[in-house]
Amino acid sequence: MYRRRDTRREQLAAEITNNLRRYAADAQQVGHAFANLHGLNPTDLQALIAVMDAERLGDPITPGRLGEQLNLSSGSVTALIDRLERTGHIRRDRDTVDRRKVLLHYADRGAALAMQFFRPLGTRTDEVMARFSEDELEIVQRFMAEMSESLRGHRDAVRAARPESPRRPTG
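Residues numbered from 1 in each chain as written. Predicted model: local features only at pLDDT ≥ 70, side-chain atom pairs only at ≥ 80, totals over all residues. Heavy atoms only, no water.

Labelled according to an unreviewed UniProt entry, the chain appears under the name MarR family transcriptional regulator, originating from Micromonospora arida.

Set out below in C-alpha cells:
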C-alpha cells in the first residue's frame, strides 16, 4: 500500500487502487444518501442491491441465498424481507415451477424511487462511458469483473475466519 512505486506499471497500479478505493467510498456515500432518504439501513440497501443484481442476471434471489450473500441468520433475513416488503421496496412471489420456493423481486414502488434518485448518476455514467471505445470498455469490464471477484474472495475468507460468523453451506 505505501511502498515505493518505481516503474510506470507500479505507479499505474497504485493510481488504479487509489481510484477504486475512492470510487467505493463515494459509491457507498451515495448509497447511504439514498438509504437515509428512504428510511433504509445499510443492510437494507445491500439486500436491495442483491435483489436487483439477481433480477438483472435473470435468476431472482431466494431468501436463503440472500441470507448467504449478506451473512445473515434466517430470522434476520425474514425481518429484513418483511421490512422491505412493508415499505414497498421488494415483493415475494412463488416460483412458477416449484410453488414451495419464494423468489424476491424489486417492487414497482422501490424501482421507481431508485430510478428517480439514481437517474442523474446513470446519465453521468453514460457520459463517461461514451468517451471510451467498445474495445476499451471490454478491457475495463474484464478488469472490474476480476477485481470484484478478487474482493468477494477476500470477503469470503474474512467471513470464514471469524469465529462468530455463522457457517453457511456454499453453492
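## Side note on a negative patch on the surface
Applicable threshold: Note that patches include only residues with greater than 30% relative accessible area and no salt bridge, and the join distances are 9 Å for like charges and 5 Å for nonpolar side chains (Val, Leu, Ile, Met, Phe, Trp, Tyr). Computed by Shrake-Rupley with a 1.4 Å probe, the accessible areas treat only the displayed protein chains as cover when residues are assessed. A side-chain nitrogen of Lys or Arg and a carboxyl oxygen of Asp or Glu constitute a salt bridge if their distance falls within 4 Å. Positive charge is attributed to Lys and Arg, negative charge to Asp and Glu, and no charge count is given to His or to the chain ends. Lys charges are placed at NZ, Arg charges at CZ, Asp charges at CG and Glu charges at CD. Three labels apply to residues, based on accessible area from a 1.4 Å probe with only protein chains included: buried if under 20% of the type maximum, exposed if over 50%, partly exposed otherwise in between.
A surface patch of negative charge is lined by Glu134, Asp135, Glu136 and Glu138. By relative accessible area, which is 38% here, glutamate 136 ends up partly exposed.

## Observations regarding the side chain of histidine 89
Under the convention used in this document: In this description a helix means any DSSP run of H or I spanning at least four residues, a strand means any run of E spanning at least two, and both kinds are numbered starting from the N terminus. Should any heavy atoms of two residues lie within 4.5 Å, those residues are counted as being in contact.
Along the chain, histidine 89 turns up in the loop between α4 (74–86) and β1 (90–94). On the basis of relative accessibility, which here comes to 1%, the residue histidine 89 falls in the buried class. Contacts of histidine 89, omitting those with residues within four sequence positions, involve His38, Leu40, Leu48, Leu84, His105, Tyr106, Ala107, Arg109, Gly110 and Leu113.

## Overview of the side chain of aspartate 44
One can find aspartate 44 in helix α2 (residues 42–56). Excluding anything up to four places from it in sequence, aspartate 44 contacts Leu80, Arg83 and Leu84.

## Some details on the UniProt feature "domain: HTH marR-type" (unreviewed entry) in the chain
Selection rule: UniProt positions are given in the numbering used here, feature names are shortened, and annotations may be inferred rather than shown by experiment.
This chain's UniProt record puts "domain: HTH marR-type" (unreviewed entry) on residues 13–149. Along residues 13–149, the helical share is 72% and the strand share 7%, with 17 Å between the first and last C-alpha atoms.

## As for the nonpolar core
Stated formally: Residues belong to a common nonpolar core when they are buried Ala, Val, Leu, Ile, Met, Phe, Trp, Tyr or Cys residues joined through side-chain atoms within 4.5 Å.
Core analysis: the biggest nonpolar cluster contains 22 residues, and Ile61, Leu66, Leu80, Leu84, Ile90 and Leu104 have the highest contact counts within it. At the level of elements, α1 (8–37), α2, α3 (63–70), α4, β2 (102–106) and α5 (108–129) are the ones that each hand at least two residues to this core. Among the elements that make up this core, the one with the highest residue count is α2 (six residues). With residues up to four places along the chain from it excluded, the contact list for leucine 80 reads Thr43, Asp44, Ala47, Leu66, Leu70 and Leu72.

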